[in-house]
Amino acid sequence: MNNLYWCCDGKSIQGAAHQRTGLVNQDAIHCETIEFEQQRMLLTAISDGHGGQSYFRSHVGADYAVRVSTSLIKQTISAWGHDPIKLCQRVQDLPQQIVGQWRRSVIEHSQQYPFTSAEWSKLQTQELLQQEISRSQLEDDPSIAYGATLLLIFITEAFALYFQVGDGDILCVQPDGTTEHPLPIDARLIANRTISLCTPQAWEEGRLRVCSVQEVPLPAMILASTDGYANSYATDEDFFRIGIDYLQSVRTEGFDRVIANLPMILRETSYRGSGDDITLGMMYLENGSTVRSATSLHSPIIQHPTTRQSLLRIVSPSHGIHHAKERLSWIWLPPLLLLIIGASLLAFKRLSSQLPASLIYPIHPSIPQSSIRQNPIPQRPNQLLPRPVSTPSNPKKNL
């Protein structure tokens, strides 16, 4: 394990629809590489607030979900990190601990900062629209106003933990690019319906998997995203292809460069797709030798006729074939310029013999049009048919 090249990071952006309506980003994310007694561990926590008038503090709930999860995992590492077997056993109690601590935290927040008249008026608007959440329900259980989902991934050299409450996606990308969900699909999560941290006994409604690295080898990469990402693609198959694209981009361009480009990529995805907030966390789990051998392959990025075509030009702006074309164009440029200059001089001499001297002006060789890089304004592809998104007029509903 001395040749580890593990790293994790992520970005979150305000959705295009939320920018237009002024709704703040409802997502929260925390990524961290933890060093403990010569062990390296990766942690990613992502939460998506439900949005909408009934969940008027869901962005606060998402922030608490990430902070509570991170804090409890670190406490567990401090107590049991010296013993991988016991640590693996203890982390399986985390779901109930996280949900319980989250509920206590948001209820304490509601007591410290009582709901305002403006927030109650938002709820009254929803009641007029015959929504499911009433004022009496919120008075009985203030945590509803903070409703949010949770994606949690914790990776050690001995085991991997995946925990999910509600919608969103966790994708494991194998070295060959095969992409799959590590958790079973919850068939109840359709349209705007989702499990929430404010759901009674939410830890029992969530999905948990803890697997030994010896039994299930770690993938090359793990991606975790809120539902605004997948909802920007016409099909699940289209969305799954981001796995191999990001893996190849990291191998060729480097992890830091891909992360630096993420905000631009996610904003364009939201604009062309769901319009929702999008958050993406990325864990890269390959070692140095794998990275070097994979980079030497120069495998081409697979193009697909959806939003991804324009995005991949941002993620991976240069590959071997593009460099070859650039070198070839520079080889022909000097002869082309000489040819243009010669033709211009010949035309000048012919013109000067026919016109008075007062009308003769120097003629400059023109710049070849091929050297000008064209950047057309991106158009929304017709084949992109995103599913309904969480907007103020179409909020998520707790199951």
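This text follows the structure it describes.
Residues numbered from 1 in each chain as written. Predicted model: local features only at pLDDT ≥ 70, side-chain atom pairs only at ≥ 80, totals over all residues. Heavy atoms only, no water.

## Things to note about the overall build of the chain
A tally of helices and strands in the chain yields 14 helices and 12 strands. For the chain, buried positions account for 48% of its 399 residues. Sequence separation of at least 24 residues holds for 76% of the intrachain contacts in the chain that already meet a minimum separation of 6. For the chain, the accessible area works out to roughly 20,100 Å², and carbon and sulfur atoms hold 55% of it. (Helix = DSSP H or I, 4+ residues; strand = E, 2+ residues; numbered from the N terminus. Buried < 20%, exposed > 50% of the residue type's maximum accessible area, 1.4 Å probe, protein only. Contact = heavy atoms within 4.5 Å. Areas by Shrake-Rupley, 256 points an atom, 1.4 Å probe, with all protein chains shown as cover.)

## Quick look at a nonpolar patch on the surface
Residues Leu337, Leu338, Ile341 and Leu345 make up a contiguous nonpolar surface patch of about 360 Å² in total accessible area. Within the secondary structure layout, Leu338 lies in helix H14 (residues 320–352). By relative accessible area, Leu338 is classed as exposed at 61%. (Patch = residues over 30% accessible without salt bridge, like charges linked within 9 Å, V, L, I, M, F, W, Y side chains within 5 Å. Salt bridge = Lys/Arg side-chain N within 4 Å of Asp/Glu carboxyl O.)

## Quick look at the packing of helix H2 (residues 58–80) against helix H4 (residues 94–112)
Two numbers describe a pair of packed helices, the interaxial angle and the distance between the axes. Put simply, H2 and H4 touch, their axes get as near as 9 Å, and they point 135° apart. As far as their axial angle goes, H4 and H2 are oblique. In this structure, the crossing between H2 and H4 has a hand that is right-handed. Together, Val60, Gly61, Tyr64, Ala65, Val68, Ser69, Leu72, Ile73 and Thr76 of H2 and Leu94, Gln97, Ile98, Gln101, Trp102, Ser105, Val106 and His109 of H4 make up the contact between the two elements. Along the lines of polarity and charge, the residues of the contact of H2 with H4 split into 10 nonpolar, 7 polar and no charged. (Axes fitted to C-alpha atoms, helices over the stretch in contact; angles between N-to-C directions. Parallel < 35°, antiparallel > 145°, perpendicular 65-115°, else oblique. Left-handed = near helix turned anticlockwise from the far one by under 90°. Nonpolar A, V, L, I, M, F, W, Y, C, P; charged D, E, K, R; others polar.)

## Here we look at the nonpolar core
If you look at the biggest cluster of nonpolar residues, it comprises 44 residues, and the most contacted ones within it are Trp102, Leu138, Leu152 and Phe154. Residue assignment for this core shows that the elements contributing at least two residues are strand S2 (27–36), strand S3 (39–48), H2, H4, helix H5 (117–128), strand S4 (150–155) and strand S5 (159–165). Looking at this core, the element that brings in the most residues is H2, giving 9 residues. Excluding anything up to four places from it in sequence, Leu152 contacts Leu43, Thr44, Ala45, Ser69, Ile73, Ile98, Leu161, Tyr162, Phe163 and Ile170. If you look at the next biggest cluster of nonpolar residues, it comprises 25 residues, including Leu171, Ala220, Ile259 and Ile265. (Core = buried A, V, L, I, M, F, W, Y, C linked by side-chain atoms within 4.5 Å.)

## Quick word on the packing of aromatic side chains
One pass over the full model with this rule turns up 8 aromatic pairs. When the centroid spacing of 6.5 Å and the interplanar angle of 40° are considered together, the rings of Phe115 and Tyr146 count as tilted. Taken as a pair, Phe115 in the loop between H4 and H5 and Tyr146 in the loop between helix H6 (135–140) and S4 lie far apart in primary sequence, 31 residues in all. The class for Phe115 is buried, based on a relative accessible area of 15%. (Phe/Tyr/Trp six-rings, centres within 6.5 Å; stacked < 30°, edge-to-face > 60°.)

## Structural notes on the sheet that holds S3
Across the sheet, 5 strands lie side by side as S2-S3-S4-S5-S9; this open sheet has antiparallel pairing. In this open sheet, the two edge strands, each paired with only one partner strand, are S2 and strand S9 (207–212). Pairs of neighbouring strands in the sheet enclose a mean axial angle of 5°, with direction left out of account. Helix-sheet contacts for H2 involve S2, S3 and S4, and the interaxial angle to S2 is about 15°. (Pairing = 2+ DSSP bridges.)

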